[in-house]
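Geometric and topological summary
Each chain, letter by letter, is given below.
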Amino acid sequence: MAAQVNSWNEWDRLEEIVVGSADDACYEPTEPGNHPHIRNAAPGTAFPTGRKPQEAIDAANAELAGLVALLESQGVRVRRPEPHDYSKPVRTPEFSVDNQYCGVCPRDVMITIGSEIIEATMSRRGRFFEYEPYRKLVYEYWNADPAVRWTTAPKPSMTDEMYREGFWDWPLEKRHAEMHSFEFCITQDEVIFDAADMSRFGRDIMVQESMTTNRQGIQWLKRHLEPQGLRVHPLHFPLDYFPSHIDCTFVPLRPGLVLTNPDRPLSDGEEKLFLTNDWELVEAPEPTTGNDEMPTYCQSSKWLSMNVLSISPTKVIAEEREKPLHDMLDKLGFEVFPIPFRNVFEYGGSLHCATWDVRRTGDREDYFP
Ligand code: ABU
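Keep in mind it's a predicted model, so treat the numbers as computed, not measured.

Under the criterion given, the structure shown has 34 salt bridges. The partner of Glu-82 in a salt bridge is Lys-136, with the nearest N and O atoms 4.0 Å apart. Of the two residues, Glu-82 sits in the loop between β2 (77–79) and β3 (90–91) while Lys-136 sits in helix α2 (residues 135–144), which places them 54 residues apart along the sequence. Arg-135 serves as the salt-bridge partner of Glu-119, at 2.9 Å between the closest nitrogen and oxygen. Linking Glu-119 in strand β6 (residues 116–119) with Arg-135 in helix α2, this pair joins segments that are 16 residues apart in sequence. Exposure remark for Glu-119: the relative accessible area of 3% places this residue in the buried category.

Here it is, written out as structure tokens:
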């Protein structure tokens, strides 16, 4: 029987993928793990709550449909999340939020490592139940193929004690001091990680320590994955004030080549692993849109520009306006597929974020022998 779930890296030929949906999306709630802000608004302007306007949902869905059409034209099987009412509040004995967020970014929640699907703990209250729209699919894969393994990481309490609420108002000096010891809005007491802080390089899994993944989260991943012969490497990007999700910072494109973020260099010590194994780290060009010109409700940085999705080691999908990036990828030998995706940005990501690859060809390779 053909494997249902198999994906060891970010670049092998894509066979099956989940593309997110903006249906029923809401504004992300303000909570201890997240203080969203309206771009260029006067200080103190409240961030909206509840459902997003239907036209914003339709615009994002139209671009997601464009991604689906492109992937299908390349022979990729595309799956979609189940409907989920994100306007429902989340209430546990420990906390409550008035609404959830959206199902645009499966990458943040779900990861495939070989034949194993892992549901991340998540780091924010509004995203506590974000695995639910993928459960039907997970059951389908799990029922169809006895080789599929399915792991749900321990759910954190998300109590007030799990967060440093003051983080959002830290003065610059404190922020500098704390960011260099990698202390952000989540504390180190519980296991916390978002799946999008991981990047897969065959036997080696790189994990960014961030606002959404702490050292306990990385420790859990080590103890879970290393007995299977994998190696988990924490990565640090000491110039990033608000790190969250590795895929706008350090993006592998094929064996031996990583697209890097010039504003967020990898720490010196950690760069060695790549350089001594003959990996080339290539800086992404300046994005075409400045941080100030990003969509009003978008909480991500201009570096969504480098959030590309690989269809194979030679084919990459990139956002249509990022011409300097297209040119660079072209020179590096890639066929680039530009598509519009700006209307998706306010839902937390671009092309890599809005997907979760379930199956790629290829086996577990050792790229760091
Ligand atoms: N969810 C990815 C956002 C990362 C960034 O803003 O750089």
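Okay, back to it.
So, about the sheet that holds strand β7 (residues 149–152). Judged by pairing direction, the sheet is mixed, and its 3 strands sit side by side in the order β5-β6-β7 without closing on themselves. This sheet does not close on itself; its edge strands, each paired only once, are β5 (110–113) and β7. Here the strands of the sheet are splayed against their neighbours by 20° on average, with no regard to which way each runs. Of the strands in this sheet, β5, β6 and β7 are in contact with α2, which crosses β7 at around 145°. Running at roughly 160° to β6, helix α4 (residues 215–225) makes contact with β5, β6 and β7 of the sheet.

With that out of the way, let us pick up the pairing of strand β12 (residues 257–260). Side chains Leu-257 and Leu-259 project from β12 onto one buried face, and the interleaved Val-258 and Thr-260 project onto a second face that is buried too. Judged from the 4 bridges that link them, strand β11 (residues 250–254) and β12 form a sheet pairing that is antiparallel. Residue pairing across strands places Pro-252 opposite Val-258, the latter belonging to β12. The hairpin turn running from β11 into β12, its antiparallel successor, is 2 residues long, and Gly-256 in that turn takes a positive phi close to 90°. When β12 meets strand β13 (residues 280–283), the two strands line up parallel, connected through 4 bridges. The residue bridging Val-258 from the neighbouring strand is Leu-281, located in β13. What joins β12 to β13 is helix α5 (residues 268–275), and the crossover it makes is right-handed.

Conventions adopted
- Residues numbered from 1 in each chain as written.
- Predicted model: local features only at pLDDT ≥ 70, side-chain atom pairs only at ≥ 80, totals over all residues.
- Heavy atoms only, no water.
- Salt bridge = Lys/Arg side-chain N within 4 Å of Asp/Glu carboxyl O.
- Helix = DSSP H or I, 4+ residues; strand = E, 2+ residues; numbered from the N terminus.
- Buried < 20%, exposed > 50% of the residue type's maximum accessible area, 1.4 Å probe, protein only.
- Pairing = 2+ DSSP bridges.
- Axes fitted to C-alpha atoms, helices over the stretch in contact; angles between N-to-C directions.
- Contact = heavy atoms within 4.5 Å.
- Right-handed = clockwise from strand over helix to strand, strands pointing away.

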